Amino acid sequence: TGGYGRATIGAEGTEVYITSGTGGTEALRIDSSGRTLVGTTASDSIWGLNAALQVEGTTAETSAISVSRNTNDGGGAFLTLAKSRGTSDGSNTIVQDDDGVGTIAFVAADGTDKEHTCAYIQAKVDGTPGSNDLPGRLTFSTTADGASSSTERLRIGSDGAILVSNSYGIGIGAATNGSASYP
């Protein structure tokens, strides 16, 4: 009362939730597996993953995550994806050639589930890593109409070479077997 909002922390079995506002709308839930759920009360498997942080909504505002940096300099905000071959938190065990480092996947409901990508961008180790030496490549993959999985369409290698692959053999440089590379 008196113009102040209200928050409640509660529990249902092994799950914890926080409600906000006078209507008691659930704002956040930690489920029995330790997943943090925002905008939903149940974990949703996307691309075969039940992620540790899940945000669901019905508007742009309720289904978005933002990261902002407010400093009087040229620096911007960061989204960092990291990989180690270690088996415990905080490990720095060296990765190996061709290890996946991070993936940004674009997944949509197909009428059955949300298990297939329409496209993804992936970073992989591209050579032999060493102390402060980590060669990498980026690949861009899309899914053709009628297909159930994505195919690599563009690669930027650790040497700066660009590989474009498609069924028409059109690309940068000289095309061979449906792909072309530059330089």
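One structure accompanies this document, and this report is about it. It should be emphasised that the depicted structure is a prediction, and the values quoted were computed from it without experimental measurement.

### Some details on the overall build of the protein chain
Inference 1: Scanning the protein chain from terminus to terminus reveals zero helices and 12 strands.
Inference 2: Burial analysis of the protein chain (183 residues in total) assigns 16% to the buried set.
Inference 3: Considering only contacts in the protein chain between residues 6 or more positions apart, those separated by 24 or more positions represent 17%.
Inference 4: Of the accessible surface of the protein chain, which amounts to about 12,700 Å², a share of 52% is contributed by carbon and sulfur atoms.

### What about the side chain of Arg29?
Inference 1: Structurally, Arg29 can be placed in strand S3 (residues 25-30).
Inference 2: Polar contacts involving the side chain of Arg29 include one to the side chain of Glu15, which spans 2.7 Å.
Inference 3: Setting aside chain neighbours within four positions, we find Arg29 in contact with Glu12, Glu15, Val16, Tyr17, Arg35, Thr36, Leu37, Thr40 and Thr41.

### Focus: the pattern of salt bridges
Inference 1: A complete count under the given rule lists 11 salt bridges for this structure.
Inference 2: Asp98 is the partner of Lys124 in a salt bridge, and the nearest nitrogen-oxygen pair spans 3.9 Å. Taken together, the residues Lys124 in strand S7 (residues 117-125) and Asp98 in the loop between strand S5 (53-55) and strand S6 (100-107) connect sequence positions 26 residues apart.
Inference 3: On the basis of relative accessible area, Lys124 is assigned to the partly exposed category, the value being 21%.
Inference 4: Classification of Asp98 by relative accessible area gives partly exposed; the value is 39%.
Inference 5: For Arg137, the salt bridge is made with Asp126, and the minimal N-O distance between the two is 3.0 Å. Of this pair, Arg137 sits in strand S8 (residues 136-142) while Asp126 is found in the loop between S7 and S8, placing the two residues 11 residues apart along the sequence.
Inference 6: On the basis of relative accessibility, which here comes to 9%, the residue Arg137 falls in the buried class.
Inference 7: Taking relative accessible area as the criterion, Asp126 reaches 22% and is therefore assigned partly exposed.
Inference 8: Three or more residues are tied together by salt bridges with common partners; here these are Glu12, Glu15, Glu26 and Arg29.

### Focus: the environment of Thr151
Inference 1: Along the chain, Thr151 turns up in strand S9 (residues 151-156).
Inference 2: For Thr151, a relative accessible area of 39% puts it in the partly exposed group.
Inference 3: It is 8.4 Å that separates the C-alpha atoms of Thr151 and Ala119, two residues lying 32 residues apart in sequence.
Inference 4: Leaving out residues up to four positions away in the same chain, Thr151 has contacts with Phe140, Ser141 and Thr142.

### Observations regarding the sheet that holds S3
Inference 1: The five strands lie next to each other as S1-S2-S3-S4-S5, forming an open sheet whose pairing is mixed. The open sheet is flanked by strand S1 (7-12) and S5, the only strands paired with a single partner. Adjacent strand axes in the sheet meet at a mean angle of 20° when their direction is disregarded.
Inference 2: Taken together, the six bridges between S1 and strand S2 (residues 15-20) define a ladder with antiparallel strand orientation.

### Let's talk about the packing of aromatic side chains
Inference 1: A complete count under the given rule lists one aromatic pair for this structure.
Inference 2: Ring plane angle 40° and centroid distance 5.7 Å describe the contact between Trp47 and Tyr120, whose orientation is recorded as tilted. With a gap of 73 residues between them, Trp47 in the loop between strand S4 (36-38) and S5 and Tyr120 in strand S7 connect regions that are remote in the sequence.
Inference 3: Taking the relative accessible area as the measure of exposure, Trp47 reaches 34% and is therefore partly exposed.

Parameters and conventions
Residues numbered from 1 in each chain as written. Predicted model: local features only at pLDDT ≥ 70, side-chain atom pairs only at ≥ 80, totals over all residues. Heavy atoms only, no water. Helix = DSSP H or I, 4+ residues; strand = E, 2+ residues; numbered from the N terminus. Buried < 20%, exposed > 50% of the residue type's maximum accessible area, 1.4 Å probe, protein only. Contact = heavy atoms within 4.5 Å. Areas by Shrake-Rupley, 256 points an atom, 1.4 Å probe, with all protein chains shown as cover. Polar contact = N/O pair within 3.5 Å; in protein donor to acceptor, adjacent residues only side chain to side chain. Salt bridge = Lys/Arg side-chain N within 4 Å of Asp/Glu carboxyl O. Pairing = 2+ DSSP bridges. Axes fitted to C-alpha atoms, helices over the stretch in contact; angles between N-to-C directions. Phe/Tyr/Trp six-rings, centres within 6.5 Å; stacked < 30°, edge-to-face > 60°.

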